[in-house]
Amino acid sequence: MTVKLDEKLEPIFQDVLHRNPGESEFHQAVHEVLETLGPVLVKYPEFADKKIIQRICEPERQIIFRVPWQDDSGEIHINRAFRVEFNSALGPYKGGMRFHPSVYLGIIKFLGFEQIFKNALTGLPIGGGKGGSDFDPKGRSDDEIMRFCQSLMTELYRHLGEYTDVPAGDIGVGGREIGYLFGQYKRITNRYESGVLTGKGLEWGGSRARTEATGYGTVFFTHEMLKARGDSLDGKTVVVSGSGNVAIYAIEKAHELGAKVIACSDSSGIIVHEKGLDLQTLRRIKEVERRRISAYTEFHKDAKYVEGGNIWNVPCDVALPCATQNELNGKDARTLVENGCIAVAEGANMPTTPEGIDIFQNARLAYGPGKAANAGGVATSALEMQQNASRDSWSFDYTQKRLEEIMIEIHKNCHETAAEFGAEGNYVLGANINGFLRVARAMNAMGVI
Ligand code: NAP
């Protein structure tokens, strides 16, 4: 943490450290928000009196449970799963489930905390939550994934509901996993409650454009940041980290808006294709065959695969981190700035370390933090809930148009809030304060609960 906190906020942060030992990602996420809230307490002292910040930092409910399951050979495995229901001031808890071996309470709490402000920024009636498990889906058969999802939902179902808590996907949880989770929920509850999960298949309550939404939204946000500087994405060279759901659709939309995406990655290495990445090949490898990104060179001999390579060393105009937390550090940020990068927008959650953020801010490049730039995913999840509630199904074009309007509005709100608080162009401050004020006003109105 490189920035010193305001004297009213430092004791709150110390208390968070004390109450949540060992949860470094959660500490980092809280610090990043508190860094920007000093001026808010000056302007709105009632939020300090009502201890709104202390209350926001404490989840309303945290659920931790055992998930036993059997693999294809009959061996029994035991995983741990979490659901952190962080804040319901604006609506039912809403946020994805992550399946990755690195998952522990601190990761889920950081993600849930970020989700509160992100969801508020969308302007839609959704609270913040997040969940996941330390289960590693890599190399598991379809049947194993199904048994794991069924076992997890056998406990989780009692905490969910379309008015209570509505999970979706995240790392390691895509359409296949949502299908197995929804099937088990339906079976146990004997209710076809479409609005209980989002990211569903189109034939059974899903929304068009939800799969694409996070990646598309990140690129819409990037485009808005560039427009605010009298520029555009047209003709820009882009690199995108990751090659999962967010990355693939960020690449697609960047190409559509006239940019050339020349590199992407997975946790093993990077692909550089100077001619521009071929999206069809990527989708085939990742979405159909579920293989490693290294397979790309089988289809494109002029592309280069670098095992263990660092994607931020590839010179670009625009960088879109779309893989995971803390994947872009201070050194990487310096390299990007030195190579002439003009914009960074985060498709992933908290991918840039605090030192990296400082470097971007000091270099005055357009830097869009995840809670604003990747809010298109959860916004479209809320649109899915709207369609479920009205038993309706919107067209792709209409849904995409709504997504684009929401991203434009989020950009405008962050931009205006930053200017109002004397920090023009600082989207970190704009996003944190705008999101915070929406939640704080609702909490204040509802009394001490
Ligand atoms: P995903 O489909 O599972 O893809 C994740 C990608 O990131 C994979 O290519 C993965 O490579 C890579 N990755 C994961 N851990 C990595 C590491 N330690 N180092 C390098 N690469 C790594 O997940 P996703 O849904 O695209 O999510 C990506 C990010 O976006 C996450 O931060 C997530 O929280 C955020 N996000 C997602 C959504 C959504 O709607 N899905 C919405 C908002 C934000 P491997 O295959 O090698 O692991």
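Structure: above.
Keep in mind that what you see is a predicted model, and the values were worked out from it rather than measured.

Thresholds, definitions, all that
- Residues numbered from 1 in each chain as written.
- Predicted model: local features only at pLDDT ≥ 70, side-chain atom pairs only at ≥ 80, totals over all residues.
- Heavy atoms only, no water.
- Helix = DSSP H or I, 4+ residues; strand = E, 2+ residues; numbered from the N terminus.
- Rg over C-alpha atoms; globule rule 2.2 N^0.38 Å.
- Buried < 20%, exposed > 50% of the residue type's maximum accessible area, 1.4 Å probe, protein only.
- Contact = heavy atoms within 4.5 Å.
- Areas by Shrake-Rupley, 256 points an atom, 1.4 Å probe, with all protein chains shown as cover.
- Lys, Arg positive; Asp, Glu negative; His and termini not counted.
- Charge placed at Lys NZ, Arg CZ, Asp CG, Glu CD.
- Arc of directions from axis to C-beta.
- 1 Å grid on protein atoms, 1.4 Å probe; cavity = no way out; pocket = protein on both sides within 12 Å on 5 of 7 lines; lining within 4 Å.
- Points joined across faces, edges and corners; volume = space filled by probe spheres on them.
- Nonpolar A, V, L, I, M, F, W, Y, C, P; charged D, E, K, R; others polar.
- Core = buried A, V, L, I, M, F, W, Y, C linked by side-chain atoms within 4.5 Å.
- Salt bridge = Lys/Arg side-chain N within 4 Å of Asp/Glu carboxyl O.
- Pairing = 2+ DSSP bridges.
- Axes fitted to C-alpha atoms, helices over the stretch in contact; angles between N-to-C directions.
- Near = heavy atom within 4 Å.
- Polar contact = N/O pair within 3.5 Å; in protein donor to acceptor, adjacent residues only side chain to side chain.
- Parallel < 35°, antiparallel > 145°, perpendicular 65-115°, else oblique.
- Left-handed = near helix turned anticlockwise from the far one by under 90°.

Novice: Help me understand the overall build of the protein, please; the structure alone is not making it clear to me.
Specialist: A count of helical and extended segments in the protein gives 17 helices and 12 strands. On C-alpha atoms alone, the protein measures out to a radius of gyration of 21 Å, which is about the 22 Å that the 2.2 N^0.38 rule sets for 449 residues. Expressed along its principal axes, the backbone C-alpha trace of the protein runs to roughly 60 × 55 × 45 Å. Within the protein, the proportion of its 449 residues that are buried is 58%. Residue pairs at least 24 apart in sequence account for 72% of intrachain contacts in the protein once pairs closer than 6 positions are excluded. If you sum the accessible surface of the protein, you get close to 17800 Å²; carbon and sulfur atoms cover 48% of it. Placing the 51 positive and 59 negative side-chain charges of the protein at their respective mean positions leaves the two points 3 Å apart.

Novice: How do you make sense of helix 13 (residues 354–363) when you look at a structure like this?
Specialist: An α-helical turn contains 3.6 residues, so a residue and the one three or four places further along point in the same direction. Those residues of helix 13 that sit buried are Gly356, Ile357, Ile359 and Phe360. Within helix 13, the buried residues cover an arc of 160° as seen down the axis, which keeps them to one side. Buried residues along helix 13 sit against helix 2 (24–43), helix 12 (330–338), strand 11 (343–345), strand 12 (366–368) and helix 17 (427–445). Immediately downstream of helix 13, the backbone of Arg364 shows phi near 60°, a positive value.

Novice: Explanation requested: the layout of surface pockets in the structure shown.
Specialist: Estimates place the volume of the second largest pocket at around 390 Å³. In terms of lining residues, the second largest pocket is bounded by 23 residues, among which Ile357, Asp358, Gln361, Asn426 and Val428 are the most central. Looking at the lining of the second largest pocket residue by residue, the class counts come to 10 nonpolar, seven polar and six charged.

Novice: Explain the nonpolar core here, please?
Specialist: Soluble globular proteins: nonpolar side chains tend toward being buried together. Core analysis: the largest hydrophobic core is formed by 55 residues, its most contacted members being Leu320 and Ile410. Apart from residues lying up to four places away in sequence, Leu320 is in contact with Thr218, Val219, Thr222, Val238, Val239, Val240, Ser241, Ala250, Trp312 and Ala345. By size, the runner-up hydrophobic cluster in this structure holds 45 residues, among which are Phe86, Leu111, Met350 and Ala423.

Novice: Would you mind going over the pattern of salt bridges with me for this structure?
Specialist: Where charged atoms of side chains with opposite charge meet at close range, the side chains can pair. Applying the stated rule across the entire model yields 30 salt bridges. Here Asp165 and Arg83 are joined by a salt bridge, their closest N and O atoms 2.7 Å apart. Taken together, the positions of Asp165 in strand 5 (residues 165–168) and Arg83 in strand 2 (residues 76–87) put the pair 82 residues apart, joining distant regions of the chain. Taken individually, Asp165 and Arg83 each receive the classification buried, so the pair is uniform in this respect. Residues Lys275 and Asp302 are paired through a salt bridge, measuring 3.6 Å at the closest nitrogen-oxygen approach. Residue Lys275 is found in the loop between strand 8 (269–272) and helix 10 (279–288), and its partner Asp302 is found in the loop between helix 11 (296–299) and strand 9 (304–307); the two are separated by 27 residues along the sequence.

Novice: Mind showing me how you'd approach the sheet that holds strand 5 here?
Specialist: Across a sheet, paired strands are connected by hydrogen bonds in the backbone, their directions being either parallel or antiparallel. Sheet architecture is open: five strands sit in the order 1-2-4-3-5, paired in mixed fashion. Of all strands in the sheet, those with a lone pairing partner are strand 1 (61–70) and strand 5, marking the two edges. Between one strand axis and the next, the sheet turns by 20° as a mean value, whatever way the strands run. Here strand 2 pairs with strand 4 (residues 127–133) via six bridges, running antiparallel. Each bridged residue has a counterpart across the sheet, and for Ala81 the counterpart in strand 4 is Ser133.

Novice: Explain the site of the ligand to me, please; I cannot follow it from the model alone.
Specialist: Taken together, 23 residues lie near the ligand, and Asp170, Thr214, Ser267, Arg292 and Asn349 sit nearest. Between the ligand and the protein, one listed contact pairs an oxygen atom with a backbone N or O atom of Asn245 at 2.9 Å. Relative to its unbound accessible area of 890 Å², the ligand is 82% covered by the protein chains. Only helix 8 (210–228) and helix 9 (245–256) provide two or more residues apiece to the shell around the ligand. Considering only residue class, the shell around the ligand consists of five nonpolar, 12 polar and six charged.

Novice: When you look at the packing of helix 6 (residues 142–156) against helix 7 (residues 175–189) in this model, what are you seeing that I'm missing?
Specialist: Packed helix pairs are specified by the crossing angle of their axes together with the interaxial distance, meaning the distance between the axes. Their axes nearest at 8 Å, the elements helix 6 and helix 7 cross at an angle of 45°. On the basis of their axis angle, the class for helix 6 and helix 7 is oblique. When the axes of helix 6 and helix 7 are compared, the crossing they make is right-handed. Residues Asp142, Ile145, Met146, Cys149, Gln150, Leu152, Met153 and Thr154 of helix 6 pack against Arg176, Glu177, Tyr180, Leu181, Gln184, Tyr185 and Ile188 of helix 7.

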